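The residues making up each chain are set out below.
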Amino acid sequence: MKTPDLTAASASATDTRFAGASLEARGVRMSYGSVEVLRGADLTAAAGEAVCIIGPSGSGKSTLLRCLNGLETRSAGDILLDGEDTAAMDINVLRQRVGMVFQHFNLFPHKTALQNITLALRNVKKMSQEQAVGIARRRLREVGLSDRGDHRPGQLSGGQQQRVAIARALAMEPQVMLFDEVTSALDPELVKGVLQLMADLAGAGMTMVVVTHEMGFARQVADTVVFMDAGVVVESGPPEQIFEAPQSPRLKKFLSQVL
Amino acid sequence: MNDLLHNFFDWQLIGDVLPDLLTYGLRNTLILSVLSALLGSVIGMVLAIMSLSSRPWLRAPARVYTDIFRGMPAALTILMIGEGVFSAQISWLASPYPVAILALSLMSGAYIGEIFRSGIQSVEKGQGEACRALGMTHGQAMRLVVVPQGVRRVLPAMVNQFIAIIKDSSLVYFLGLITSQRELFRIGQDDSVATGNLSPLLATGLCYLLLTVPLTHLVNYIDRRLRDGSRRPAATPEEPSLVDPKEVLV
């Protein structure tokens, strides 16, 4: 039996350095109808920093994340990318700069892994076919899937699909990556590979905001952990502080339930 | 009993009518149905996109259109459009074929629009979101990802519609046809009246089945291919490994 080593993905992903930008949310509010799910949430990710958002279901973690790239429209509050107010930005330019990976991968089932990556390069970045394919192949190699380029998503495992989704987002050369519970839909044995890849990205300088239930990941990889409950950030700080010395009763209760 | 058999299975009469049916009858029916199906699909796609729009002034006309053209008998619509065109003396249109194709397209467009709409609506919300998250516009997301998937899902339902068009194309006879313009139904009917025997109609029915049954199987085959393509490797002979060994080791 071979000793467990890092995936091919992690070995090559660390070769690439990313120029992450800072991302800041101030007093973000958002309602679904009459239900206010975000009631003034704040969040700061410095350039190259990994921020993990934890908290109970329905606390507004995913909604806050989706406000950051405009998939949800906030009713109040500011979001600053690299110090710039995003309200004035073209939404599609903002989204090229802030990539996102979803819980259910959301790969395009009628396209191969390679085409999943080239589609936006061709149509949004208006690249030539050769250029787009070149980038897509490199990104697939970085996530350890160079031999899966011609497979459709349905022919890949959940872990492989999620790595294609990460490669697809990275191909747009974003300055910030958002991860929305990306391992929650995976079989347990596939979770580690995806988390390892994310840890490599964080190590390579990508600014990341990660909504996760993986406390181990938050503890090891995050620079800052943010605890949300009932639409607000209750407590935030470095992982040691959040996990070893929680201040608020709500965080203490939450940790006692999940750890 | 013998009379009944003779009335339907007079091989001599069937043999006499078949050449007309198989040459210009089949051809004319195909011209009417194929062009109507194509034009109807275009109209249907426009209606589907309109009815899925967030703008009420786009949704409302699509709704009204669908209600009208889906709600009236095909024969009535063909007659009204035909008489309307003839009386308006639009010369380039005032011939049975263009008018019938127009009427059949307008009607099938209403049905096809609803089929496309349901297909497009059945595509998971995450597909559009993934596109938007990559910086695509709403239009790009629809055109490149959502609509192609929606259309694939409703291929079987489209067969029903194409078959309905083939059958409804027989109504063109309302508009008055000269001999060489007759399609399957009209040829069979004329022959049946002339001979006082139903065998030509039987032959006509077989000709319709010759079109509709293979069409059904063809689309089912395409449908199966599209589904298999998204599940099983087509080109790679090896067993698709569900668990990447690398992932287990880490």
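Basis of the calculations
- Residues numbered from 1 in each chain as written.
- Chains lettered and ligands numbered in written order.
- Predicted model: local features only at pLDDT ≥ 70, side-chain atom pairs only at ≥ 80, totals over all residues.
- Heavy atoms only, no water.
- Helix = DSSP H or I, 4+ residues; strand = E, 2+ residues; numbered from the N terminus.
- Rg over C-alpha atoms; globule rule 2.2 N^0.38 Å.
- Buried < 20%, exposed > 50% of the residue type's maximum accessible area, 1.4 Å probe, protein only.
- Contact = heavy atoms within 4.5 Å.
- Areas by Shrake-Rupley, 256 points an atom, 1.4 Å probe, with all protein chains shown as cover.
- Lys, Arg positive; Asp, Glu negative; His and termini not counted.
- Charge placed at Lys NZ, Arg CZ, Asp CG, Glu CD.
- Axes fitted to C-alpha atoms, helices over the stretch in contact; angles between N-to-C directions.
- Parallel < 35°, antiparallel > 145°, perpendicular 65-115°, else oblique.
- Left-handed = near helix turned anticlockwise from the far one by under 90°.
- Nonpolar A, V, L, I, M, F, W, Y, C, P; charged D, E, K, R; others polar.
- Polar contact = N/O pair within 3.5 Å; in protein donor to acceptor, adjacent residues only side chain to side chain.
- Arc of directions from axis to C-beta.
- Pairing = 2+ DSSP bridges.
- UniProt positions renumbered as here; feature names shortened; annotations may be inferred.
- Patch = residues over 30% accessible without salt bridge, like charges linked within 9 Å, V, L, I, M, F, W, Y side chains within 5 Å.
- Salt bridge = Lys/Arg side-chain N within 4 Å of Asp/Glu carboxyl O.

Asker: So what exactly am I meant to see when it comes to the overall build of chain A here?
Answerer: Within chain A, the regular secondary structure consists of 10 helices and 10 strands. Here the C-alpha radius of gyration of chain A, 18 Å, is about what a compact globule of 259 residues would show, namely 18 Å. Each principal axis of the C-alpha atoms in chain A carries an extent, and together these give about 50 × 50 × 30 Å. Residue burial in chain A is summarised as follows: out of 259 residues, 60% are buried. Long-range contacts, defined here as pairs at least 24 residues apart, represent 68% of the contacts in chain A between residues at least 6 apart. Carbon and sulfur atoms provide 47% of the accessible area of chain A, an area that totals close to 10200 Å². Side-chain charges in chain A split into 27 positive and 28 negative, and the spacing between the mean points of these groups amounts to 5 Å.

Asker: Would you mind showing me how to read the packing of helix H3 (residues 56-71) of chain B against helix H5 (residues 96-121) of chain B here?
Answerer: When two helices pack together, you describe them by how their axes are tilted relative to each other and by the distance separating the axes. Residues and elements named next belong to chain B. Packing of H3 against H5 brings their axes to within 8 Å, and their N-to-C directions diverge by 120°. As summarised for this structure, H3 and H5 are arranged oblique, according to the angle between their axes. Taken as a pair, H3 and H5 cross one another with a handedness that is left-handed. Of the residues in H5, those touching H3 at Arg63, Tyr65, Thr66, Phe69 and Arg70 are Leu106, Met107, Ala110, Tyr111 and Glu114. Within the contact of H3 with H5, the residues separate by chemical class into six nonpolar, one polar and three charged.

Asker: Can you walk me through the side chain of B:Ser108 in this structure?
Answerer: Residue and element names in this part refer to chain B. Positionally, Ser108 belongs in helix H5. A distance of 3.4 Å separates a polar atom in the side chain of Ser108 from the backbone oxygen of Ser105. Here Ser108 is in contact with Ser36, Gly40, Gln161 and Ile165, once residues within four sequence places are set aside.

Asker: For this particular structure, what's the right way to read helix H10 (residues 249-258) of chain A?
Answerer: Each α-helix winds once per 3.6 residues, and so residues spaced three or four apart point in a common direction. All names here are of chain A. All buried positions along H10 are accounted for by Leu251, Phe254 and Leu255. Summarising the axial view, the buried residues of H10 lie within an arc of 95°, below the 170-degree limit, and thus occupy one face. Summarising the geometry of H10, the exposed residues directed more than 90 degrees from the buried face are Pro249, Lys253, Ser256 and Gln257. The inward-facing, buried residues of H10 contact strand E3 (50-54), helix H8 (215-221), strand E9 (224-229), strand E10 (232-237) and helix H9 (239-244).

Asker: Can you walk me through the sheet that holds strand E6 (residues 98-101) of chain A in this structure?
Answerer: Neighbouring strands of a sheet are bound in pairs by backbone hydrogen bonds; such pairs are parallel or else antiparallel. Residue and element names in this part refer to chain A. Spatial ordering of the open sheet is given by E6-E7-E8-E3-E9-E10, a layout of six strands whose pairing is mixed. The open sheet has two edge strands, E6 and E10, and neither has a second partner. Strand-to-strand twist in this sheet, taken as the mean axis angle between neighbours without regard to direction, amounts to 20°. Sitting on the sheet, helix H6 (residues 158-171) is in contact with E6 and strand E7 (176-180), with an inclination near 170° to E6. This element, H10, spans E3, E9 and E10 of the sheet and lies at about 100° to E9.

Asker: Just to check I follow, could you spell out the sheet that holds strand E2 (residues 35-45) of chain A for this structure?
Answerer: Residues and elements named next belong to chain A. Strand order in the open sheet made by the four strands is E2-E1-E4-E5, with antiparallel pairing throughout. The open sheet has two free edges, formed respectively by E2 and strand E5 (84-85), since each of these has just one partner strand. By the bridge criterion, two bridges tie strand E4 (residues 76-81) to E5 in an arrangement that is antiparallel. The partner of Leu80 across the bridge, within E5, is Asp85.

Asker: Before we go on, may I ask you to explain the UniProt feature "transmembrane region" (unreviewed entry) in chain B in this structure?
Answerer: Residues annotated by UniProt as "transmembrane region" (unreviewed entry) correspond here to residues 30-52, 73-93 and 201-222 of chain B. Taken as a whole, residues 201-222 of chain B contains 100% helix and 0% strand, while its terminal C-alpha atoms sit 32 Å from one another.

Asker: What is the right way to read a nonpolar patch on the surface from this model?
Answerer: Residue and element names in this part refer to chain B. Together, Met1, Leu4, Leu5, Phe8, Phe9 and Trp11 line one region of the surface with nonpolar side chains, adding up to about 700 Å² of accessible area. The biggest single contributor to the nonpolar patch is helix H1 (residues 2-8), with three residues. By the element assignment, Leu5 lies in helix H1.

Asker: Honestly, the UniProt feature "domain: ABC transmembrane type-1" (unreviewed entry) in chain B in this entry has me stumped. Any pointers?
Answerer: UniProt marks residues 26-219 of chain B with the feature "domain: ABC transmembrane type-1" (unreviewed entry), using the numbering shown here. Taken as a whole, residues 26-219 of chain B contains 80% helix and 0% strand, while its terminal C-alpha atoms sit 20 Å from one another.

Asker: Is there a simple way to explain the pattern of salt bridges in this structure?
Answerer: Side chains bearing opposite charge may pair, as long as their charged atoms lie close to each other. Scanning the model with the defined rule gives 16 salt bridges over all chains in all. A salt bridge links B:Glu114 to B:Arg117, with the nearest nitrogen and oxygen atoms 2.9 Å apart. Placement of the pair is B:Glu114 and B:Arg117 together in helix H5, with a separation of three residues, close to one helical turn. Note that B:Lys125 and B:Glu129 form a salt bridge whose closest N and O atoms lie 3.6 Å from each other. Residue B:Lys125 and its partner B:Glu129 are both found in helix H6 (residues 125-133); the two are separated by four residues, about one turn of the helix. Its relative accessible area of 66% is what places B:Lys125 among the exposed residues. Through salt bridges with shared partners, a single network forms among A:Arg66, A:Glu72, B:Lys125 and B:Glu129.

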